[in-house]
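Working through the structure, step by step
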Amino acid sequence: MYPHERSLVEKLKDKPFTLLGVNSDKDRAALKKIIEEKKLTWRSFWNGPQGTGGPISKEWNVQAWPTVYLIDHTGTIRVKNPQALPGEEKALDEAIDKLIKEAEAAAKVGSK
Amino acid sequence: MRLLPWLAAVAVGLCFGPALTLADDPPKKPDPPRKTVAEPKTPAEKLAAIADAEAAATKAVLSAQQAMRKQTKTETDEQKKVKQEAFDKAVAEYRKASAEAGRRYIALAKEFPADPAALDALATALQPNYGIVLSDDLIAIVRKHHLNSPKLAGLLSAVARNQSPGAGNLLKAIAAEATDAKVKGMATFAAVNYGLERLTGYTSQATKADYAKLRPELERQIDQIATEFADVVFNGVKLSAGIDPLRERLKKADSLLIGTAAPEIAAADIDGKEFKLSDYRGKVVMLDFWGDW
């Protein structure tokens, strides 16, 4: 998924969109190296030294990795694991595009 | 390296984080006879032949993956690429083999509906990774020939995780029509798991309204397990031990639904710097729970 995520971040850099990670690797030092090597430019919360048993994934009831939530500009959960729906990466892209349009429309109304 | 969830469900042994299974209800493959004969004739032999063909593809994908993970420091990008391509190819082959196996299991069940092998074939093919929709003719096979089979547990586990609407219908039908109390209890337990999966499953898009609609029936079914089926043993565990976890899961299923507010996250990033999810209000956030393992 990294290449697709990199391309999303690049493609949507001028849009109201952010990719945020919640990382569940236990070893933070090793993780820093991976992020550098694989050119992962987006920010991640760290789930803590318990790895997949950490507090954030627990609160979000994450049972399988990766798990993705799309959250709209109002902070509302809108789509769960779009990358696993029929169409896979295309389904993910389309869901993001739809929410970006909503965010842009809301920003327009707000600035009038 | 991250695998698609459908493969994680198969490659449990290699553990890419928890696989997509119910914690209290692990998927069970049937136990076909281990000896494959050159020309399978009986339904049981045919079942074993399908399983063996699929197992070969699974083995290939796992060994390609292992090769890829055994990276040495001196490995060149070119060598890495070759391994990656071999892995991608094995995954594609596996997907093909798995889809083919699913079709063959279903065909076998339809050809020999009354044979115990039909039940084993369905128990395998209805696991969610095959993506097979539980159609009326398959439901009819189980109701007509296997309603009180002592070997129904495997099928019930698979069907509980199969998210086609027919799965819910089949579980309801078994719970209502079976005369064996053990089968009734297992089917009711599986029906609760099916309902919870619809609310909280990996690709569930359930809303508050869905939760409000499903909750009363799930509560009633859990109560029924507690009063009528507490002593039934399912996959080696007494159902009485599952009641509290089911109630807990039902309670928790009320959060993280589509259309509800995202819970706040306030935590440190990889460099130890604190930040919050709500810092990004006004933007679309793709929140990705990931790990490099």
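Just above, that's the structure.
Residues numbered from 1 in each chain as written. Chains lettered and ligands numbered in written order. Predicted model: local features only at pLDDT ≥ 70, side-chain atom pairs only at ≥ 80, totals over all residues. Heavy atoms only, no water.

Ranked by internal contacts, the top residues of the largest apolar core, which has 61 residues, are B:Y105, B:L122, B:L155, B:L156 and B:I174. Sorting elements by how many residues they give to this core places helix α8 (residues 181-200) of chain B first, with 10 residues. Contact partners of B:L122, with chain neighbours within four places excluded, come to B:I106, B:A109, B:L138, B:I141, B:V142 and B:L155. Within the second largest apolar cluster, 23 residues are counted, among which are A:L12, A:I96, A:A103 and B:I270. (Core = buried A, V, L, I, M, F, W, Y, C linked by side-chain atoms within 4.5 Å. Buried < 20%, exposed > 50% of the residue type's maximum accessible area, 1.4 Å probe, protein only. Helix = DSSP H or I, 4+ residues; strand = E, 2+ residues; numbered from the N terminus. Contact = heavy atoms within 4.5 Å.)

Residues and elements named next belong to chain B. If you check which residues of helix α5 (residues 136-145) are buried, you get L138, I139, I141 and V142. Taken end-on, α5 shows its buried residues confined to a sector of 155 degrees, consistent with a single buried face. Residues of α5 that are exposed and point over 90 degrees away from its buried face: D136 and K144. Against the buried residues of α5 lie α3 (77-111), α4 (116-125), α6 (152-161) and α7 (165-177). (Arc of directions from axis to C-beta.)

Now for the packing of helix α2 (residues 43-69) of chain B against α4(B). All names here are of chain B. Close contact between α2 and α4 brings their axes to 8 Å; oriented N to C, the two are set at 20 degrees. Classified by the interaxial angle, the pair formed by α2 and α4 is roughly parallel. Judged by the twist between their axes, the crossing of α2 over α4 is left-handed. Contacts between α2 and α4 pair P43, A44 and L47 from the former with A117, D120 and A121 from the latter. Here the contact of α2 with α4 is composed, by residue class, of five nonpolar, no polar and one charged. (Axes fitted to C-alpha atoms, helices over the stretch in contact; angles between N-to-C directions. Parallel < 35°, antiparallel > 145°, perpendicular 65-115°, else oblique. Left-handed = near helix turned anticlockwise from the far one by under 90°. Nonpolar A, V, L, I, M, F, W, Y, C, P; charged D, E, K, R; others polar.)

Residue and element names in this part refer to chain B. The residue Q221 is located in helix α9 (residues 208-228) in this model. A sequence separation of 36 residues divides Q221 from G185, and the C-alpha atoms of the two residues are 9.8 Å apart. In contact with Q221, not counting residues within four places along its chain, are T188, A191 and V192.

Bringing unusual backbone geometry into the picture now. Residue and element names in this part refer to chain A. For the bond from W65 to P66, the omega torsion is -5 degrees, close enough to zero to count as cis. Along the chain, P66 falls in the loop between α3 (55-59) and β3 (67-71). The backbone of N81 sits at a positive phi, close to 45 degrees, despite the residue not being glycine. With respect to the helices and strands, N81 occurs in the loop between β4 (77-80) and α4 (89-111).

Turning our attention to the interface of chain B and chain A. Where interface size is given, it is often the accessible area lost as the parts come together that is meant. Taken together, the contact pairs 50 residues of chain B with 60 residues of chain A. When the two sides are added together, the surface that chain B and chain A hide from each other amounts to roughly 5300 Å², 60% of it contributed by carbon and sulfur. Area buried by chain B at its contact with chain A is led by B:M286, B:F289 and B:W290, which between them contribute 18% of it. Across the pair A:K38 and B:D292 runs a salt bridge whose closest N-O atoms are separated by 3.1 Å. (Buried area = accessible area lost by both parts, 1.4 Å probe. Salt bridge = Lys/Arg side-chain N within 4 Å of Asp/Glu carboxyl O.)

Let us now look at helix α1 (residues 2-11) of chain A. Of the positions making up α1(A), those classed as buried are A:Y2, A:H4, A:E5 and A:L8. The arc that holds every buried residue of α1(A), seen down its axis, measures 160 degrees, which confines them to one face. Facing away from the buried side of α1(A), by more than 90 degrees, are the exposed residues A:P3 and A:K11. For α1(A), the secondary structure elements touched by its buried residues are β1 (17-23) and α4 of chain A together with β5 (284-290) of chain B.

With that settled, the discussion passes to the sheet that holds β1(A). Judged by pairing direction, the sheet is mixed, and its five strands sit side by side in the order β2(A)-β1(A)-β5(B)-β3(A)-β4(A) without closing on themselves. Of all the strands in the sheet, the pair left with one neighbour each is β2 (44-46) and β4 of chain A. Each strand of the sheet is rotated relative to its neighbour by a mean of 20 degrees, with strand direction disregarded. Here β3(A) pairs with β5(B) via five bridges, running antiparallel. Opposite A:Y69, over in β5(B), you have B:L287 as the bridge partner. Strand contacts of α1(A): β1 of chain A together with β5 of chain B, with the helix running at about 160 degrees to β5(B), the strand carrying the most contacts. (Pairing = 2+ DSSP bridges.)

Attention now goes to the pattern of salt bridges. This structure, assessed with the given rule, holds 19 salt bridges over all chains. One salt bridge in this structure joins B:D269 and A:R43, with 3.1 Å as the shortest N-O distance. Residue B:D269 is located in the loop between β3 (266-268) and β4 (274-276), and its partner A:R43 is located in the loop between α2 (28-37) and β2; the two belong to separate chains. Exposure remark for B:D269: the relative accessible area of 7% places this residue in the buried category. The class of A:R43 is partly exposed, set by a relative accessible area of 26%.

Residue and element names in this part refer to chain B. Remark: α9 packs on helix α10 (residues 243-252), axes separated minimally by 11 Å, with the N-to-C direction vectors making an angle of 170 degrees. Relative to α10, the element α9 lies roughly antiparallel. Together, Y211, R215, L218, E219, I222, D223, I225 and A226 of α9 and I243, L246, R247, L250 and K251 of α10 make up the contact between the two elements. A per-class count over the contact of α9 with α10 returns eight nonpolar, no polar and five charged.

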